[in-house]
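So you can see what is in the structure, the chains are spelled out below.
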Amino acid sequence: MRPTPSINGTPLKYSRTSFVLLSASALMVLCFGASSSTPRPLAPANVAGKVMAGAAGLANAVVYLEGVPGTFPAPTQRAILNQKDKNFTPHVLAVQKGTTVELLNSDDFLHNTFSDSKAKTFNLNQPVKDSRSLLKTDQAGVVEVRCHIHGSMQAWLIVLDNPFFAVTDAKGIFHINGVPPGTYKMKAWSETHGTLTQEVKVVEKDGATVLLKFAGK
Ligand SMILES: [Cu+2]
């Protein structure tokens, strides 16, 4: 025999009307409950950190996040890779894929700038001062840039899939701002130390503080 529903021994009686009312209010709770629990978009936060090689800060490392959801249009502003006094400036240039890089000759003699890298191959003659050539970055990857005339000239162009990257300063410090909260793979690339991968959890408001440490010096 099934027990009769009761509260403190008093049997519960259901009328058809109360059942309908109960059902209607349950439905309202469901509907309104569902709409108020729809997650609001989390506010972007900032990631700060340091790249170290052994005990020292590592300059010119490119730090970037992988797998950030969303679509990120390429910036319309050009990035500049300058040649001055037989040096490329900056030595390490990181850009989002789709960015146009302007190769500029600020010396009053010939540079013949080239790359045989998988992510970008080019060969540009820049005969006189203020020669400018435009390079469209269409593939993510590491592009080593050299000069046929001056063997010591070398630069690194790092092309990345999203705008969440930074190049470390002289002390190894970096800042990546406006990151959607989430857990991502963070990578650090260095011409001397290779690539390091670390998981980073970016939380709303507090962002994240990261230490990326290569072995050695
Ligand atoms: Cu040159």
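Residues numbered from 1 in each chain as written. Predicted model: local features only at pLDDT ≥ 70, side-chain atom pairs only at ≥ 80, totals over all residues.

Let us look at the overall build of the chain. For the chain, the helix and strand inventory stands at one helix and 19 strands. Looking at the chain residue by residue over its 217 residues, the buried ones come to 27%. (Helix = DSSP H or I, 4+ residues; strand = E, 2+ residues; numbered from the N terminus. Buried ≥ 20, exposed ≤ 12 C-beta atoms within 10 Å, placed from the backbone.)

What follows is about the sheet that holds strand 15 (residues 165–167). An order of 15-5-17-18 is seen for the four strands of this open sheet, with the pairing classed as antiparallel. The open sheet has two edge strands, strand 15 and strand 18 (194–202), and neither has a second partner. Strand-to-strand twist across the sheet, computed as the mean angle between neighbouring axes with direction ignored, equals 20 degrees. In this structure, strand 17 (residues 182–190) lies alongside strand 18, joined through nine bridges in antiparallel fashion. Opposite S190, over in strand 18, you have G194 as the bridge partner. (Pairing = 2+ DSSP bridges. Axes fitted to C-alpha atoms, helices over the stretch in contact; angles between N-to-C directions.)

Let us now look at the sheet that holds strand 8 (residues 92–96). Reading across the sheet, the five strands line up as 8-14-13-10-11 and stay open at both edges, with mixed pairing between neighbours. The open sheet has two edge strands with one neighbour each: strand 8 and strand 11 (120–126). Each adjacent strand pair in this sheet contributes to an overall mean axis angle of 20 degrees, direction not counted. Note: strand 8 against strand 14 (residues 154–160), five bridges, orientation parallel. Looking at the pairing, Q96 lines up with L160 of strand 14.

Turning our eyes to something else, we now look at the pairing of strand 14. By the criterion of burial, strand 14 is predominantly enclosed, with six of the seven residues buried. As defined by bridge partners, strand 13 (residues 141–147) adjoins strand 14 across six bridges and the pair is classed as antiparallel. For R146, the partnering residue across the bridge sits in strand 14 and is Q154. Connecting the antiparallel pair strand 13 and strand 14 is a turn made up of six residues.

With that settled, consider the environment of R146. Counting through the fold element by element, R146 comes out in strand 13. For the pair R146 and D116, spaced 30 residues apart in the sequence, the C-alpha separation amounts to 9.2 Å. Each residue touching R146, except ones within four places of it in the same chain, is listed here: F114, S115, M153 and Q154. (Contact = placed C-beta atoms within 7 Å.)

Time to look at the confidence of the model for the chain. Across the chain, the average pLDDT comes to 88, with 83% of residues at or above 70. Here residues 27–34 is modelled with pLDDT under 50, and outside its nearest four sequence neighbours on either side it reaches zero contacts, counting other chains as well. (pLDDT = per-residue confidence, 0-100.)

Turning to the nonpolar core, a few remarks are in order. Counting 42 residues, the largest nonpolar core has V62, V63, L157, F165 and I176 as its most contacted members. A total of six residues in this core trace back to one element, the largest contributor, which is strand 14. Look past the residues within four positions of V62 in its chain and what remains in contact with it is V92, A94, I158, F165, V167 and W189. (Core = buried A, V, L, I, M, F, W, Y, C linked by C-beta atoms within 7 Å.)

The linkage connecting T89 with the following residue, P90, adopts the cis geometry, with an omega of -5 degrees. Following the sequence through the fold, P90 ends up in the loop between strand 7 (87–89) and strand 8. Phi angles above zero are rare outside glycine, and N60 is one such case at about 60 degrees. The topology assignment puts N60 in the loop between strand 4 (56–57) and strand 5 (62–66). Classification of N60 by C-beta neighbours within 10 Å gives partly exposed; the count is 19. A positive phi angle, near 70 degrees, is found at K205, a position not held by glycine. Of note, K205 is situated in the loop between strand 18 and strand 19 (208–214). Exposure remark for K205: the 9 C-beta atoms within 10 Å place this residue in the exposed category.

Take the environment of L104 next. Of note, L104 is situated in strand 9 (residues 100–105). L104 sits 22 residues away from Q126 along the chain, and the two C-alpha atoms are 8.0 Å apart. Ignoring anything within four residues of it in the chain, the contact list for L104 reads I80, N82, Q83 and R132.

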